[in-house]
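These are the residues of each chain, in order.
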Amino acid sequence: MLLERTHYCAQVGTLAAGEQVIVAGWVRKRRDLGHLVFVDLYDRTGILQVVFDPERTPDLHRVGGDLGRESVITVSGTVSERPVDALNPSMATGQVELIADRLTVHSTSKVPPIHLTGGSEANEELRLKYRYLDLRRPEMFRIIDLRHRTSQLTRSFYSSEGFIEVTTPYLMRSTPEGARDFLVPSRLHKGMCYALPQSPQMLKQILMISGVDRYFQIVKCFRDEDSRADRQPEFSQIDVEMSFTRMDTLFDIHERLMQTIFKEAIGVDIPRPFQRMTWKTAMERYGSDKPDLRFGLEIRDITRLMIGSGIGFIDSTAAEGGVVRALVYPGGSILSRKQVSELEQVAKTRGAAGMIAVKVESGNELSGGAIGKMLSSDRKQEVIASLGANAGDLLCIVAGNAMIVANSLGAIRLEIARREKMMTEEFRFLWVTEFPLLEYNEEDGRFYAMHHPFTSPMDEDIDWLDKEPGRCRAKAYDLVLNGIEIGGGSVRIHRADVQTRMFDVLGINACKAEEQFGFFLEALRYGTPPHCGIAFGLDRLVMTLAGTDNLRDVIAFPKTLQAVCMMTQAPSSVTNDQLNIVGLQKKSDKNDKTDDCA
RNA sequence: GGGGACGUAGUUCAGCUUGGUUAGAACGUCGGCCUGUCACGCCGAAGGUCGCGAGUUCGAUCCUCGUCGUCCCCGCCA
């Protein structure tokens, strides 16, 4: 019969000597001194030293001496205070040990392919293949637990604010716009597919129409797009929608949610209210719609000062309606030619033609490139003054299309901060507001919704919708934390006529709209309350709480950049029979390994 | 779709610049010894398709090309 555990390893550390306990877990390490045998027993709470003493239990001692790494055992024994000279202050349970008197070996383990104790970490490919072993490491369990607590705090916070968790289907209908859908072929309707939701966007709005009033859900979302360090094909959102509420109330609720999570999960006090910044300001001053405000390094516009400089490409940039902007790299004039060229490379990957690096010399002098030669000393002085630069600094100047210049300098700004280790440990929250409603796509020759097609234009901009849609701002907002977009949402359109106008601008005519969004447009016609919502990336939030910059670290079973699960080898080929059932046929059998075991 | 980095023992890495006889180290594993260890210690041993394929060469872990895999970035994605 299974001897049942009475305590976790860590709990034993708090018990008095003489207590009888039963503990269970994995053999992390064995130290066999010939007569005495010590075993480090691990469970999710920590490590406990178990002693096998040949004088008390000769039979056990022999078995204990043979225990292999990661064998699973149950041990009963007596809690004992360690001899004074054998205390281990670096161990949570280092003042006690368990003198074993009974031992059950439930199973043994092959030699683990990754190190589970201290020191260097195995490469990620192996960690993902043997994820169950990787998750046995305390650092990984700590994150799993942190994620659990974050979810729990979220659920209880929303519940106490009158929000109701409603689950929505994963088998949805495909909608155009936005990301590529993952498709699920239908057996009952051959040739037709369900789509896994990119987010429950329309359903949560319909719940508002249903009168749910305050909805939330911790929900999986799926997007068939290329992954990144902070992007997985399937990810979790804290999804929220609320009716009859001003944007400011939504901000207030979620600032308190963040405050609660950070306080309760990691003991950090977050000041409120959070800073707010318009999208325009963010782009101009930080070159990003998700600025990291833990450091300054603001971008300044110097177009006016550079016009008529006599420098060819700068004058032509200005003539074409472009901009010239600069960033001060404090103390950057000592950079090597190579380091400067690496900075320029950063700008070039964001589409800039180049980056001009100018050194600030003493006596308001600039040296380097055409600017050092061509600019009058008055102009130089003005440039230095307007940038607040000092001798020894390096000016990074980029000219061209406003968007490209912003992105380039934004990337350089982050690179400088990384190099100079300016990213502190603090948590800087920021609401970015007044996003553009639409984005023009040159290739397709049409506008796309920047957020999604149900986002309300700002009242004062609504007339731009027909005249100059690109100028129209949206009631959309993002919550940014240390340069990471952790959430985003908007006030929604609650009038069917405005929604139709929106579709018009997007080039979705009445017929198309009816076909693709008909059910939603119809719902809007049955009494829709004004409503707004937001969704947070749970994975990214936990990532920040855990202090890692790899999304895979906070997901128990993540996928690689190629969207493969190293442990299960998903995706896999399927048999022709399986495909027939859903009415599909393979185009090529090139990678077919289905019948390897036949 | 494009750019970059990496791939050598079970693991983490060195070796490659300048091709040459037996490819090393540490940890781990296995065997022996050891009564207070906790990075236990000491003695000994086993362990390699140098990712895969082709090419150059008398000879390739090393050079070239291709290919596969992982990571990072751009595009894409909110």
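Cut-off values and rules
- Residues numbered from 1 in each chain as written.
- Chains lettered and ligands numbered in written order.
- Predicted model: local features only at pLDDT ≥ 70, side-chain atom pairs only at ≥ 80, totals over all residues.
- Heavy atoms only, no water.
- Core = buried A, V, L, I, M, F, W, Y, C linked by side-chain atoms within 4.5 Å.
- Buried < 20%, exposed > 50% of the residue type's maximum accessible area, 1.4 Å probe, protein only.
- Helix = DSSP H or I, 4+ residues; strand = E, 2+ residues; numbered from the N terminus.
- Contact = heavy atoms within 4.5 Å.
- Polar contact = N/O pair within 3.5 Å; in protein donor to acceptor, adjacent residues only side chain to side chain.
- pLDDT = per-residue confidence, 0-100.
- Pairing = 2+ DSSP bridges.
- Axes fitted to C-alpha atoms, helices over the stretch in contact; angles between N-to-C directions.
- Near = heavy atom within 4 Å.
- Nonpolar A, V, L, I, M, F, W, Y, C, P; charged D, E, K, R; others polar.
- Phe/Tyr/Trp six-rings, centres within 6.5 Å; stacked < 30°, edge-to-face > 60°.
- Lys NZ or Arg CZ within 6 Å of the ring centre and 35° of its normal.
- Salt bridge = Lys/Arg side-chain N within 4 Å of Asp/Glu carboxyl O.
- Disulfide = S-S within 2.5 Å.

Core analysis: the largest hydrophobic core is formed by 41 residues, its most contacted members being Tyr158, Met258, Phe262 and Phe429. With eight residues, helix 7 (residues 247-266) is the single largest residue contributor to this core. If we ignore the near neighbours within four places in the chain, the residues touching Phe429 are Met258, Phe262, Ile270, Phe274, Gln275, Leu479, Val480, Leu481 and Ile486. Core analysis: the second largest hydrophobic core is formed by 36 residues, Met283, Tyr286, Leu438 and Met502 among them.

Attention now moves to the environment of Glu514. Structurally, Glu514 is set in helix 17 (residues 510-524). As a C-alpha pair, Glu514 and Ala352 span 162 residues in sequence and 42 Å in three-dimensional space. What Glu514 contacts, discounting residues up to four positions off in sequence, is Leu521 and Arg525.

With respect to the helices and strands, the residue His7 is situated in the segment before helix 1 (9-12). Overall, the relative accessible area of 18% leaves His7 in the buried class. Here Thr6 takes part through its side chain, which lies 2.8 Å from a polar atom of the side chain of His7. Setting aside chain neighbours within four positions, we find His7 in contact with Val12, Leu15, Val21, Ile22 and Val23.

Let's shift gears to unusual backbone geometry. Residue Pro273 is bonded to the preceding Arg272 through a cis peptide linkage, with omega at -10°. A cis geometry characterises the amide bond from Ala570 onward to Pro571, with omega recorded as 0°. Tracing the backbone shows Pro571 in the loop between helix 18 (538-546) and helix 19 (576-581). Located in the positive-phi region is Glu70, a residue other than glycine, with phi close to 65°. Tracing the sequence through the fold places Glu70 in the loop between helix 2 (58-66) and strand 4 (72-81). Backbone geometry places Asn482, a non-glycine residue, at a positive phi of 50°.

Moving on to the confidence of the model for chain A. On average, residues of chain A score 92 in pLDDT, and 98% of them are at 70 or above. Here the predicted complex scores 0.94 on pTM and 0.93 on ipTM.

A few words now on the sheet that holds strand 15 (residues 365-367). Across the sheet, five strands lie side by side as 12-13-16-14-15; this open sheet has antiparallel pairing. In this open sheet, the two edge strands, each paired with only one partner strand, are strand 12 (299-301) and strand 15. When the angles between neighbouring strand axes are averaged without regard to direction, this sheet yields 30°. Strand direction decides the pairing type here: strand 12 and strand 13 (residues 323-329), joined by three bridges, are antiparallel. Across the sheet, Arg300 pairs through a bridge with Ala326, a residue of strand 13. Most of the contacts of helix 14 (residues 402-419) go to strand 13, to which it runs at about 5°, and overall it touches strand 12, strand 13 and strand 16 (394-400).

Residues in close proximity to RNA strand B total 48 residues, the closest being Asp32, His35, Glu55, Ala86 and Glu97. Per the 4 Å cut-off to the protein, sugar and phosphate atoms form 54% of the nearby atoms of RNA strand B. Ala179 places a main-chain nitrogen or oxygen 2.9 Å from a phosphate oxygen of RNA strand B. Within the side chain of Arg350, an N or O atom sits 3.4 Å from a phosphate oxygen of RNA strand B. Going through the elements one at a time, strand 1 (20-32) and helix 3 (124-129) are the ones with two or more residues in the surface near RNA strand B. Class assignment of the residues belonging to the surface near RNA strand B gives a composition of 16 nonpolar, 13 polar and 19 charged.

Here we come to the packing of aromatic side chains. Scanning the entire structure with this criterion turns up 15 aromatic pairs. Here Tyr158 and Phe163 contribute two aromatic rings whose centre-to-centre distance is 5.1 Å and whose plane-to-plane angle is 70°, an arrangement assigned as edge-to-face. Here Tyr158 and Phe163 have matching classes, each one buried. Note on Tyr170 and Phe222: the rings are 5.7 Å apart at their centroids and 85° apart in plane angle, and the pair reads as edge-to-face. A residue pair is termed long-range when its members are at least 10 positions apart, and Tyr170 in the loop between strand 6 (164-165) and strand 7 (182-185) and Phe222 in strand 9 (residues 214-222) qualify at 52 residues. Of the residues examined, Phe222 reaches a relative accessible area of 11% and is grouped as buried. What links up through ring pairs into an aromatic cluster is the set Phe157, Tyr158, Phe163 and Phe216. The cationic tip of Arg28 hangs over the ring face of Tyr42; the distance from NZ or CZ to the ring centre is 4.1 Å.

Counted residue by residue, helix 6 (residues 201-209) has eight buried out of nine residues, so it is predominantly covered. Every buried residue of helix 6 is listed here: Gln201, Met202, Leu203, Lys204, Gln205, Leu207, Met208 and Ile209. Along its buried surface, helix 6 packs onto strand 9, strand 10 (234-243), helix 17 and strand 22 (531-537). One or two positions beyond helix 6, positive phi appears at Gly211, with a value near 90°.

Overall, the coordinates contain 43 salt bridges when judged by the stated rule. For the salt bridge of Glu284 with Lys280, the shortest nitrogen-to-oxygen distance reads 3.3 Å. With Glu284 and Lys280 both in helix 8 (residues 279-286) and four residues apart, this pair spans about one turn of that helix. Classification of Lys280 by relative accessible area gives exposed; the value is 53%. Between Arg418 and Glu415 there is a salt bridge, with its nearest N and O atoms 3.6 Å apart. In this pair, Arg418 and Glu415 both sit in helix 14, three residues apart, roughly one turn of the helix. The class of Arg418 is partly exposed, set by a relative accessible area of 47%.

What follows covers the state of the cysteines. Enumeration over the complete set of coordinates arrives at zero disulfides. Free of any disulfide, Cys532 has its nearest neighbouring cysteine sulfur in Cys472, separated by 18 Å. Look at Cys532 and you get buried, because its relative accessible area is 0%.

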